[in-house]
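A closer look at the structure
Letter by letter, the chains look like this.
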Amino acid sequence: MSVHGCAHLASFKSAKGTQSYRVLHAYFIAGITEEARKKKAQTCFCHTCCRHTSRLHACLYCVYFGCYDGKHIREHALSKKHNLAVDISYGTVFCFSCGDYVYDKELEAIAKRHRRKAAKLNGIKEQYYEWEPTNFELDLLRRNPRRKRISDNSYIGLRGLINLGNTCFMNCIVQALMHTPLLRDYFLADRNVCHFQDDPSMCLVCEMSQLFQEFYSGKSTPHIPFRLLHLVWTHARHLAGYEQQDAHEFFIATLDVLHRHCKGTNGLSSSNPHHCNCIVDQIFTGGLQSDVVCQACRGVSTTIDPFWDISLDLGPSLHLQSSTSGPNSTESMGNDIGLNEDMEPTSLLDCLERFTRPEHLGSSAKIKCNGCQSYQESTKQLTMKKLPVVASFHLKRFEHSTRFHKKISTFISFPQYLDMTPFMSSRRGKSSNSSRASDNGYTNSVSIADNKYCLFAVVNHIGTIETGHYTAYIRQHRDQWFKCDDHLITRATVQDVLDSEGYLLFYHKQILEYE
Amino acid sequence: MKTAVNQKLIETGERERLRELLRTRLIECGWKDQMKAYCKDIVKEKGVENVTVDDLVAEITPKGRALVPDAVKRELLQRIRTFLAQQTKI
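For every chain, the first residue of the written sequence is number 1, and numbering continues from 1 onward in sequence order. The naming scheme follows written order: chains are lettered A onward, ligands numbered 1 onward. For a predicted model such as this one, the threshold for reporting local features is a pLDDT of at least 70, and the threshold for listing and counting side-chain atom pairs is 80 or more; totals across whole chains, interfaces and linings nevertheless cover every residue. Side-chain numbers here rest on the full set of heavy atoms in the structure, without hydrogens or water.

1. What about the overall build of chain A?
Here is the rule we go by: Helix and strand assignments come from DSSP, with helices taken as H or I runs of at least 4 residues and strands as E runs of at least 2, each series counted from the N terminus. Three labels apply to residues, based on accessible area from a 1.4 Å probe with only protein chains included: buried if under 20% of the type maximum, exposed if over 50%, partly exposed otherwise in between. The Shrake-Rupley method, run with a 1.4 Å probe, gives the accessible areas here. Residue values count only the displayed protein chains as cover.
In terms of helices and strands, chain A carries 16 helices and 21 strands. For chain A, buried positions account for 48% of its 515 residues. Here chain A has roughly 26,100 Å² of accessible surface; of this, 53% comes from carbon and sulfur atoms.

2. What to know about the UniProt feature "domain: UBP-type" (unreviewed entry) in chain A
For the record, the criterion: UniProt positions are given in the numbering used here, feature names are shortened, and annotations may be inferred rather than shown by experiment.
Per the UniProt record, "domain: UBP-type" (unreviewed entry) is annotated on residues 24–121 of chain A. The distance from the first to the last C-alpha atom of residues 24–121 of chain A is 18 Å, and the span holds 44% helix and 17% strand.

3. Quick look at the side chain of Asp-281 of chain A
The cut-off we apply is this: Only four residue types enter the charge count: Lys and Arg as positive, Asp and Glu as negative, with His and the chain ends excluded. In what follows, salt bridge is the name for a side-chain nitrogen of Lys or Arg lying within 4 Å of a carboxyl oxygen of Asp or Glu.
Structurally, Asp-281 of chain A is set in helix H12 (residues 279–284). Buried within the structure, Asp-281 of chain A lacks any salt-bridge partner; Lys-386 of chain A is the closest side chain of opposite charge, at an N-O distance of 11 Å.

4. Section: empty space enclosed by the protein
As a reminder, the rule being used: Lining residues are defined by having an atom within 4 Å of a point belonging to a cavity or pocket. Those points lie on a 1 Å grid over the protein atoms alone, cavities being sets where a 1.4 Å probe fits but cannot get out and pockets being open sets with protein on both sides within 12 Å along at least five of seven lines. Grid points are joined across faces, edges and corners, and a volume is the space filled by probe spheres set on the points. Each residue is assigned to one class: nonpolar for Ala, Val, Leu, Ile, Met, Phe, Trp, Tyr, Cys and Pro, charged for Asp, Glu, Lys and Arg, and polar for all the others, Gly among them.
A full pass over the atoms with the stated rule returns 3 cavities of 30 Å³ or more. By volume, the largest cavity is sized at about 50 Å³. Together, Ala-30, Arg-37 and Lys-40 of chain A together with Leu-9, Ile-10, Gly-13, Arg-15 and Glu-16 of chain B line the largest cavity. In the lining of the largest cavity, the residues fall into 3 nonpolar, 1 polar and 4 charged.

5. Remarks on the interface of chain A and chain B
To be explicit about the condition: Any two residues having at least one pair of non-hydrogen atoms within 4.5 Å are treated as being in contact. Within 3.5 Å is the distance limit for a polar contact, defined as a pair of N or O atoms, with the added protein rule that one can donate a hydrogen and the other accept it, and that residues adjacent in sequence qualify only through two side-chain atoms.
On the chain B side, the residues contacting the 25 residues of chain A number 27 residues. In this assembly, chain A and chain B are joined by 2 salt bridges. Between Arg-55 of chain A and Asp-54 of chain B there is a salt bridge, with the nearest N and O atoms lying 4.0 Å from each other. Across the chain A-chain B interface, the total number found is 6 residue pairs in polar contact (both at pLDDT 80 or more). Among the secondary structure elements, those contributing two or more residues to the side of chain A that touches chain B are helix H3 (34–43), strand S5 (100–102) and helix H15 (442–450) of chain A.

6. A look at the sheet that holds strand S12 (residues 378–386) of chain A
Residue and element names in this part refer to chain A. Which entries qualify depends on this criterion: Two strands form a pair only when DSSP identifies at least two bridges running between them.
With antiparallel pairing, the 4 strands of this open sheet are ordered in space as S7-S6-S12-S9. Unpaired on one side and paired on the other, strand S7 (300–307) and strand S9 (359–360) mark the two borders of the sheet. One ladder, built from 8 bridges, connects strand S6 (residues 286–294) with S12; its direction is antiparallel. Counted as the bridge partner of Val-293 is Thr-379 from S12.

7. Looking at the packing of helix H2 (residues 19–30) of chain A against helix H5 (residues 105–121) of chain A
All names here are of chain A. Where we set the bar: Angles here are taken between N-to-C directions and fall from 0 to 180 degrees, while the axes themselves are lines fitted to C-alpha atoms, restricted in helices to the stretch in contact. Put simply, a crossing is left-handed when the front helix is turned counterclockwise from the back one by less than a right angle, and right-handed when it is turned clockwise.
Where H2 meets H5, the closest approach of the two axes is 10 Å, and the angle between their N-to-C directions is 35°. Considering only the axes of H2 and H5, their crossing is right-handed. Contacts from Tyr-21, Arg-22, His-25, Ala-26 and Ala-30 in H2 reach Leu-107, Ile-110, Ala-111, Arg-113, His-114, Arg-115 and Ala-118 in H5. Of the residues belonging to the contact of H2 with H5, the class tally is 7 nonpolar, 2 polar and 3 charged.

8. Focus on the nonpolar core
All names here are of chain A. Selection rule: Here, nonpolar core means buried Ala, Val, Leu, Ile, Met, Phe, Trp, Tyr and Cys residues that are tied together by side-chain atoms lying within 4.5 Å of each other.
Ranked by size, the top nonpolar core spans 60 residues in total, and within it Ile-173, Met-208, Ala-247, Phe-284, Val-459 and Tyr-470 carry the most contacts. With 9 residues, helix H7 (residues 168–178) is the single largest residue contributor to this core. Sequence-distant contacts of Tyr-470, that is, excluding residues within four places in its chain, are made with Cys-168, Phe-169, Cys-172, Gln-245, Asp-246, Ala-247, Phe-398, Val-459, Asn-460, His-461 and Tyr-503. Counting residues in each nonpolar core, the second largest holds 33 residues, with Leu-314, Leu-387, Ala-391 and Ile-412 among its members.

9. Considering helix H1 (residues 2–12) of chain B
Three or four residues apart is the spacing at which side chains of an α-helix point the same way, because the helix has 3.6 residues per turn. Residues and elements named next belong to chain B. In plain terms, the rule: Arc, as used here, means the arc of the directions from the helix axis to the C-beta atoms.
Regarding H1, the residues found buried are Val-5, Asn-6, Leu-9 and Ile-10. Along H1, the residues classed as buried sweep out an arc of 130° about the axis, all on the same side. Just downstream of H1 lies Gly-13, where phi reads positive at about 85°.

10. Some points on the packing of H1 of chain B against helix H2 (residues 14–28) of chain B
Residue and element names in this part refer to chain B. The condition is simple: Every angle not falling under 35 degrees, over 145, or within 65 to 115 is termed oblique; those three ranges are roughly parallel, roughly antiparallel and roughly perpendicular.
Two elements in contact, H1 and H2, have axes whose closest approach is 4 Å; the angle formed by their N-to-C orientations is 85°. In this view, H1 runs roughly perpendicular relative to H2, as classed from their interaxial angle. Residues Asn-6, Leu-9, Ile-10 and Thr-12 of H1 form the contact with H2, whose participating residues are Glu-14, Arg-15, Arg-17 and Leu-18. A per-class count over the contact of H1 with H2 returns 3 nonpolar, 2 polar and 3 charged.

11. Quick look at the pairing of strand S18 (residues 468–477) of chain A
All names here are of chain A. Taking burial as the measure, the 10 residues of S18 include 7 buried ones, the bulk of the element. Note: strand S17 (residues 452–463) against S18, 7 bridges, orientation antiparallel. For Ile-462, the partnering residue across the bridge sits in S18 and is His-469. Between S18 and strand S19 (residues 480–485), which follow one another and run antiparallel, lie 2 residues, and Asp-479 among them has a positive phi close to 60°.

12. Here's the deal with the confidence of the model for chain B
Parts of the model with low pLDDT should not have their predicted coordinates read in detail. Test applied: As a per-residue measure, pLDDT tells how confident the predictor is, with possible values from 0 to 100.
Chain-level statistics for chain B give a pLDDT mean of 88 and a share of 98% at 70 or above. With a pTM of 0.71, the predicted complex shows an ipTM of 0.87.

13. Points about the sheet that holds strand S2 (residues 65–67) of chain A
Residue and element names in this part refer to chain A. Judged by pairing direction, the sheet is antiparallel, and its 5 strands sit side by side in the order S2-S1-S3-S4-S5 without closing on themselves. Each of the sheet's edge strands pairs with one partner strand only, and the pair in question is S2 and S5. Strand-to-strand twist of the sheet, defined as the mean angle between neighbouring strand axes without regard to direction, takes the value 40°. Of the pairings in the sheet, the one linking strand S1 (residues 56–59) to S2 comprises 3 bridges and is antiparallel in character. When the bridges of S2 are listed, His-57 appears paired with Gly-66. Helix-sheet contacts for helix H1 (residues 7–16) involve strand S3 (84–87), strand S4 (93–95) and S5, and the interaxial angle to S3 is about 95°.

As structure tokens, this is what we get:
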């Protein structure tokens, strides 16, 4: 296949222009209007053998369609001396004089325009196009000829972090963030913009960018994150000082400061429930649906709130659950998995099941119902309306109540691959009853594929509630796990990770949709 | 029958949507990268000047067909079934 077109196509274009290609492509290849699509459906078959499959080609000189596999287009080309034909499926031009397909920049540009138009007509959101460097990027590549190749046993991206005095709570979160695939790609692609023109040293986004550079520089000495610590102290005052802090609190505070420093444009072109298009919201924000059902009139009031992480209760259930008191909606709730009310959760799935189960709010918490305008008992159910790209789960191991403070060290198992489908708003609660009939049908198989997650980081806490130490397991790349204990990085197996006492669990969506 | 189904698929734009879905799935499961690597090997072995698209197609087609994951085939089949069921209803 020649890269520079061929003489036959060039002479065809200079004699007849690109008009015939343009029309052929608009009607029979892309189908850019409904009328064109109809024409395409009716006329796209081999004019010799009448089949519509087997690589149909259209003659560029006259109105003739012929199949390639059955060689009818070849016969036509040879007998009529029409040596150029277009592949109906892909729009590429075949030259029978050269015996191969030929590239042509001008025709490709036409094809691309038509494809975009047709995609819009067909309701295809955004097609995938491979990256093509711009002239500026080509220049950059030429001026920087050194390329880093990453092999399977490469240690790139792994760097220890010096503990600056009880700062392991920070180190473990930094390790998790540094190995969040989408966040890494964003920063390593230089997509971040600083909004601190007068004093960039105050910008946490710039510091993150700097950290990514440090981690992926190839250096192996531990990094000293004193600048980050200082910024955190400045921007999140409640974390300042040398006391032990909660890693979860640090994680949320970091996201909050990053979000504020990104200054995303609110309400524009964003589908996440925070209505912000900053990188933090694009990656971490999901939407939690809360349905409150009035027990008197069965009226439902629904609200959707953004979330950055899901905090999950451990230990025995404290609330009276509705499956013991709900009058008629019991079949659909909880019972599918058969979790006993009084059983303590022993796995992440148990926790999520409990989290999304309808909860009876009790007689002491009557809410005014909008339907019947009276104060009534009600049930509340939380479900996932919109899943974030990175799902972060916080297992509430630290229990603070008026009577006691204690740490729950129960082993909670968690999977390497997680499917969130059962916890979606569309599947749980009321709607699951109506859609049950079609559950094993096509909707099911598609949604399952789209809600799959893969574990990429786990933060662990060793010790008691008063004093302890944080470490993190991170996935460097596919199935390559490492344990990060401040400045020490050691290799680990997936089993080590899954057997550990997880505190924060980070999952990355496997399939990303275009917006 | 086959012709009628094909016409319906094209007319409604469903064929293009299916194609896009298939394209996405094949990229996701690594099929595209595998095939690309395989093609590269063939081109390297024979030399760029001595290989045509037909040669490539002939060599990679059996392997390409075999490597499409069953889950992808099932999903596509299910989509087509659903589409046809909807069409007959109308």
